[in-house]
Amino acid sequence: MIIELSNVGKRFNRDWIFRGVNYRFETGNAYAITGANGSGKSTLLQSIAGSITLSTGDCVYTQQNKNIAGETIYQQLAMAAPYLELIEEMTALEFLSFHASFKPMALDAATILDKVELPHASHKQIRYYSSGMKQRIKLAQAFFSDVPLLLLDEPCTNLDKAGYALYHRLIDEYAGNKLVIVSSNDPLEYDFCNERLQMSDYK
Ligand SMILES: Nc1ncnc2c1ncn2[C@@H]1O[C@H](COP(=O)(O)OP(=O)(O)OP(=O)(O)O)[C@@H](O)[C@H]1O
């Protein structure tokens, strides 16, 4: 997949959050969007996901030499972010099975829960999960969606040391053939990224 940003900008009311972004994201690389709190990392990531409308410029998606319309890019991506909710009434097994009914998953739900070290909690409602366990479910849903684009906003939120190690294993084992974009200001979350986009360059 290739994502080409041309003169992209976003403003809320009169405040420009970023502008003049010209950038190309391409499968085979991993990208970090970095910057201070409030610099616009999440806004840019959500713009790439098609869930925020840009104020200026174009975002063009290409997959195997075919253009993908912005309105349908959600079918090609998976995202983990603090502001995306889980369905707390469901058990983890139900949630991942439900997710698989509208987005292809690389493995079955029970195997995925093994991979994120939560098999013991698979029949527990998500509302009773700890914050770190919820984050593991968000990572599970994102990493094991069988889609070419993986968007990660502060992916290690609430994770302990073992959770960080799990995150790096998931990156090593399951993200190699995807286009990965991480929004973060924690170097441990994006140390594997070979490309960096600094929000301060687009003010
Ligand atoms: N819907 C909105 N309406 C108005 N302003 C908004 C809206 N969403 C975000 N902003 C503003 O846009 C700016 C960028 O926010 P954003 O969440 O993208 O920053 P960030 O770099 O991801 O921050 P953090 O590191 O704290 O997560 C902030 O000043 C924020 O207040």
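The model shown is predicted, which means the values in this text are computed figures rather than measured ones.

**What to know about the overall build of the protein chain**
Link 1 in the chain: When its secondary structure is counted, the protein chain shows six helices and nine strands.
Link 2 in the chain: Taking the principal axes of the C-alpha coordinates as reference, the protein chain spans close to 50 × 35 × 30 Å.
Link 3 in the chain: For the protein chain, with 203 residues in total, the buried portion stands at 39%.

**A short note on unusual backbone geometry**
Link 1 in the chain: A positive phi angle, close to 50 degrees, is found at N7, a residue other than glycine.
Link 2 in the chain: With respect to the secondary-structure elements, N7 resides in strand 1 (residues 2–12).
Link 3 in the chain: A positive phi angle, near 65 degrees, is found at N65, a position not held by glycine.
Link 4 in the chain: Mapped onto the secondary structure, N65 falls in the loop between strand 4 (56–63) and strand 5 (66–68).
Link 5 in the chain: For N65, a count of 6 C-beta atoms within 10 Å gives the class exposed.

**Observations concerning helix 2 (residues 92–100)**
Link 1 in the chain: Restricting attention to buried positions, one finds in helix 2 the residues A92, F95, L96 and H99. For helix 2, the angular spread of buried residues about the axis comes to 90 degrees, placing them on one side.
Link 2 in the chain: Considering only its buried residues, helix 2 is in contact with helix 3 (109–115) and helix 4 (131–143).

**Side note on the nonpolar core**
Link 1 in the chain: Counting 56 residues, the largest nonpolar core has Y31, A140, L151 and I181 as its most contacted members.
Link 2 in the chain: For this core, the element with the highest residue contribution is helix 4, accounting for five residues.
Link 3 in the chain: Apart from residues lying up to four places away in sequence, L151 is in contact with L45, I48, A49, L77, M79 and I181.

**Let's talk about the site of the ligand**
Link 1 in the chain: The local shell around the ligand consists of F12, I17, G35, N37, G38, S39, G40, K41, S42, T43 and N185.
Link 2 in the chain: Of the residues forming the shell around the ligand, the biggest block, three residues, is contributed by helix 1 (residues 41–48).
Link 3 in the chain: For the shell around the ligand, a count of residues per class yields two nonpolar, eight polar and one charged.

**A few points about the sheet that holds strand 5**
One key point about sheets: their strands pair by backbone hydrogen bonds, in either a parallel or an antiparallel sense.
Link 1 in the chain: Read from one edge of the open sheet, four strands run 2-1-4-5, paired in antiparallel fashion. Taken across any chain shown, the strands that pair with only one partner, and hence form the sheet edges, are strand 2 (15–26) and strand 5. Averaged over all neighbouring strand pairs, the angle between strand axes comes to 30 degrees, with direction disregarded.
Link 2 in the chain: Two strands pair when backbone bridges link them, and strand 4 and strand 5 are joined in this way by three bridges, in the antiparallel orientation. Its bridge partner being in strand 5, T62 is matched across the sheet by N67.
Link 3 in the chain: Its contacts with the sheet place helix 1 against strand 1, strand 2 and strand 4, and it is angled at close to 130 degrees to strand 1.

**Quick word on the packing of helix 4 against helix 5 (residues 161–174)**
Link 1 in the chain: Between helix 4 and helix 5, the least distance of the axes is 11 Å, while the angle of their chain directions is 5 degrees. Between helix 4 and helix 5, the angle falls in the class roughly parallel. Seen from helix 4, the contacting residues are G132, Q135, R136, L139 and F143; seen from helix 5, they are G163, Y167, L170 and Y174.
Link 2 in the chain: Taken together, the residues of the contact of helix 4 with helix 5 sort by class into five nonpolar, three polar and one charged.

Procedures and definitions
Residues numbered from 1 in each chain as written. Predicted model: local features only at pLDDT ≥ 70, side-chain atom pairs only at ≥ 80, totals over all residues. Helix = DSSP H or I, 4+ residues; strand = E, 2+ residues; numbered from the N terminus. Buried ≥ 20, exposed ≤ 12 C-beta atoms within 10 Å, placed from the backbone. Arc of directions from axis to C-beta. Contact = placed C-beta atoms within 7 Å. Core = buried A, V, L, I, M, F, W, Y, C linked by C-beta atoms within 7 Å. Near = placed C-beta within 6 Å. Nonpolar A, V, L, I, M, F, W, Y, C, P; charged D, E, K, R; others polar. Pairing = 2+ DSSP bridges. Axes fitted to C-alpha atoms, helices over the stretch in contact; angles between N-to-C directions. Parallel < 35°, antiparallel > 145°, perpendicular 65-115°, else oblique.

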